[in-house]
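Observations on the three-dimensional arrangement
Next come the chains, spelled out residue by residue.
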Amino acid sequence: MPAETASEFVTWFQSHNGRLDASKMAIVNFPGHGRGAIALQDIPEDHTLFTIPRDLTLSTRTSTLPMLMGNAWKEHGLHEGWPGLILCMMWEDSRGKESKWSGYLATLPNQFDTPMFWGDEDLKELQGTAVVDKVGRDDSERDYHAKVLPAVKSRPDLFPQATIPRYFSLERYHLMGSRILSRSFHVEKWKSGHEDEDEDEDEDHIEPGNSSAMDVDPQEDGTLAGEGHTDPDKEEANDEPEEVQVEGDDDEVEEEDGEDPADVAMVPMADMLNARFESENAKLFYEEHKLKMVSTKPIKAGEQIWNTYGDPPNSDLLRRYGHVDLVPLRPPLSGLGNPSDVVEVPANLVVAAASMKVKFDLQERVDWWLEEADDDVFVLQTDCQLPEELISFARLLLLSKEEWEKTAKKSKLPKPKVDKDVLTIAADVLERRLKEYPTTLEEDEKLLEPGTVDQLSLNKKNAVIVRLGEKRILRGTLKDVHTKLAAMSGGKKRGREEEKGGKGKKARK
């Protein structure tokens, strides 16, 4: 972002009752990170960097478009998922200076390095990764043609025909969806007695890496940092609840548990902060009438001010933001990567491996598992340990007919206890999963070596980093499985040898 644009944005922000401590913070460009916030002076913990009036956030609650469309808003399905917010953003953009958010929209990026905008050749590099099935271009385009375009054509008074090619095209729809995916926050509507609900709401937060928008923590005492005490130790789940999740760039929210898509909001100034793995030093809190960014630890002058998005895996970082994190990995892995990386293992691989060891049909057990556990994907992490759910599922598939009938009758999942049969199936599953990538781990490591990595395009480099991170987890988990299998086999062999030694010869007198 040019310095002039940043200056104009700050002027716009302050003219709309946004408050910025310009003596402590400024918007600048960081090499490799783009625009971001820098500390101009030493900043103490619990210092309010800026405040944003709630009505300056951009959502389907604050834009006047839903009201102007009346009943047609719901008739076109714009109250479900993200199409409504995307249309609001396109409409506000089309209004130019008449829009309250014109000074903010002018700062948003016009291009992304996310897979949503990759060509087919680049997408092939992601084969086998968790990204492929989450890009969601087809779903996004289906929403555009089924919901947004009919709504636009139905109201020429709001969407003049001449403006459609420039402001309401499919390309523009994807762009606005990507802006939301990479920069939105989850801002709940203020409720009276909110403090009493905080504990329950925290329990509802899903784990980081499962969603798109960043959550905002409620401020318990309603005071400004510096004037009173904020709760920096309060747990924050900086990802949108699953119902507001967008798979890749498909601009669609899956609604569950009655969550309101209107909670998804663009928050001017707050989205200027970058994020990096375990670097958070500021957090966004909300109050009844405003939101505020508060430092969560001391920040030295010249340091970047980092917000957080919950430390998601590189597959999600690439899908949402178009970049990846490379930091030192923790044992049992080594080298550079993302300690939050994960690998998704579909249950059908476990079924395929188990089918090679049993002679009975497994469909009834699979259906029962899906009903009881509701889990058809198992997630491996960088600790390289088999998930308990995968172990339990494998044991279920291996149960004898009698054991299976007892288990089904009790409606109780098998305990996640490993034995040789379970480990053998796990090894088969991991090997099958590794074969889903177009390259080997060693080939990817060579591609990222000095002298070679410089020849890769940005998209291919990021794709290699994502798939290498996943392969390291699979290889590490497979190594652990083989070690345990060897230990079990060795223990039995030693037992047989000791038994022979005790019975084979008479002891000498």
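Use the structure listed above.
Fair warning: this is a prediction, and the values are worked out from it, not measured in the lab.

Another point: the overall build of the protein. Helix and strand content of the protein: 18 helices and 16 strands. Here the protein, with 509 residues, has 52% of them falling under the buried criterion. A separation of at least 24 residues holds for 77% of the contacts in the protein among residues at least 6 apart in sequence.

Along the chain, the position of arginine 179 falls in helix α9 (residues 170–183). The buried charged residue arginine 179 lacks any salt bridge partner; its closest oppositely charged side chain belongs to aspartate 93, at an N-O distance of 5.1 Å. A polar side-chain atom of arginine 179 sits 2.8 Å from a polar atom in the side chain of asparagine 110. With residues near it in sequence (within four places) discarded, arginine 179 still touches Met89, Leu105, Leu108, Pro109, Asn110, Phe112, Arg172, Ser184 and Met266.

Attention shifts here to helix α16 (residues 420–434). Each α-helix turn comprises 3.6 residues. Residues three or four places apart therefore point the same way. Along its 15 residues, α16 runs 21 Å from first to last C-alpha, staying within 8% of the 21 Å computed at 1.5 Å per residue. Within α16 the residues assigned to the buried category are Val422, Leu423, Ile425, Ala426, Ala427, Val429, Leu430 and Arg433. For α16, the N-terminal capping position is held by aspartate 419, with its side-chain oxygen 3.2 Å away from the main-chain nitrogen of aspartate 421.

With that settled, consider the nonpolar core. Judged by nonpolar contacts, the single largest core of 64 residues is most densely connected at Phe50, Met69, Leu87 and Ile305. Among all residues touching methionine 69, those that are not within four sequence positions of it are Leu78, Leu87, Ala151, Arg155, Leu158 and Phe159. Core analysis: the second largest hydrophobic core is formed by 40 residues, Trp368, Leu386, Ile391 and Leu396 among them.

So, about the packing of helix α13 (residues 363–372) against helix α14 (residues 388–398). Two elements in contact, α13 and α14, have axes whose closest approach is 9 Å; the angle formed by their N-to-C orientations is 145°. In this structure, α13 crosses over α14, and the sense of that crossing is right-handed. From α13, Arg365, Val366, Trp368 and Trp369 reach across to α14, where they touch Glu389, Ser392, Phe393, Leu396, Leu397 and Leu398. For the contact of α13 with α14, the residue count by class is seven nonpolar, one polar and two charged.

A cluster of acidic residues, Asp361, Glu364, Asp367, Glu402, Glu403 and Glu405, forms a negative patch on the protein surface. Of all elements in the fold, only α13 and α15 (401–410) reach the threshold of two or more residues within the negative patch. In terms of residues, the negative patch owes the most to one element, α15, which gives three residues. Mapped onto the secondary structure, glutamate 364 falls in helix α13. Assessed through its relative accessible area of 55%, glutamate 364 is described here as exposed.

Relative to the helices and strands, serine 279 is located in the loop between β9 (274–275) and β10 (282–286). With a relative accessible area of 14%, serine 279 lands in the buried category. Among the polar contacts made by the side chain of serine 279, one reaches the side chain of arginine 276 at a distance of 2.9 Å.

With five of its five residues buried, β10 lies for the most part within the structure. One ladder, built from five bridges, connects β10 with strand β11 (residues 290–295); its direction is antiparallel. Residue lysine 283 lies in a different strand from β11, and its bridge partner there is valine 294. Linking two consecutive strands that pair antiparallel, namely β10 and β11, is a turn of three residues.

Procedures and definitions
Residues numbered from 1 in each chain as written. Predicted model: local features only at pLDDT ≥ 70, side-chain atom pairs only at ≥ 80, totals over all residues. Heavy atoms only, no water. Helix = DSSP H or I, 4+ residues; strand = E, 2+ residues; numbered from the N terminus. Buried < 20%, exposed > 50% of the residue type's maximum accessible area, 1.4 Å probe, protein only. Contact = heavy atoms within 4.5 Å. Lys, Arg positive; Asp, Glu negative; His and termini not counted. Salt bridge = Lys/Arg side-chain N within 4 Å of Asp/Glu carboxyl O. Polar contact = N/O pair within 3.5 Å; in protein donor to acceptor, adjacent residues only side chain to side chain. Expected span 1.5 Å × (residues − 1). Core = buried A, V, L, I, M, F, W, Y, C linked by side-chain atoms within 4.5 Å. Axes fitted to C-alpha atoms, helices over the stretch in contact; angles between N-to-C directions. Left-handed = near helix turned anticlockwise from the far one by under 90°. Nonpolar A, V, L, I, M, F, W, Y, C, P; charged D, E, K, R; others polar. Patch = residues over 30% accessible without salt bridge, like charges linked within 9 Å, V, L, I, M, F, W, Y side chains within 5 Å. Areas by Shrake-Rupley, 256 points an atom, 1.4 Å probe, with all protein chains shown as cover. Charge placed at Lys NZ, Arg CZ, Asp CG, Glu CD. Pairing = 2+ DSSP bridges.

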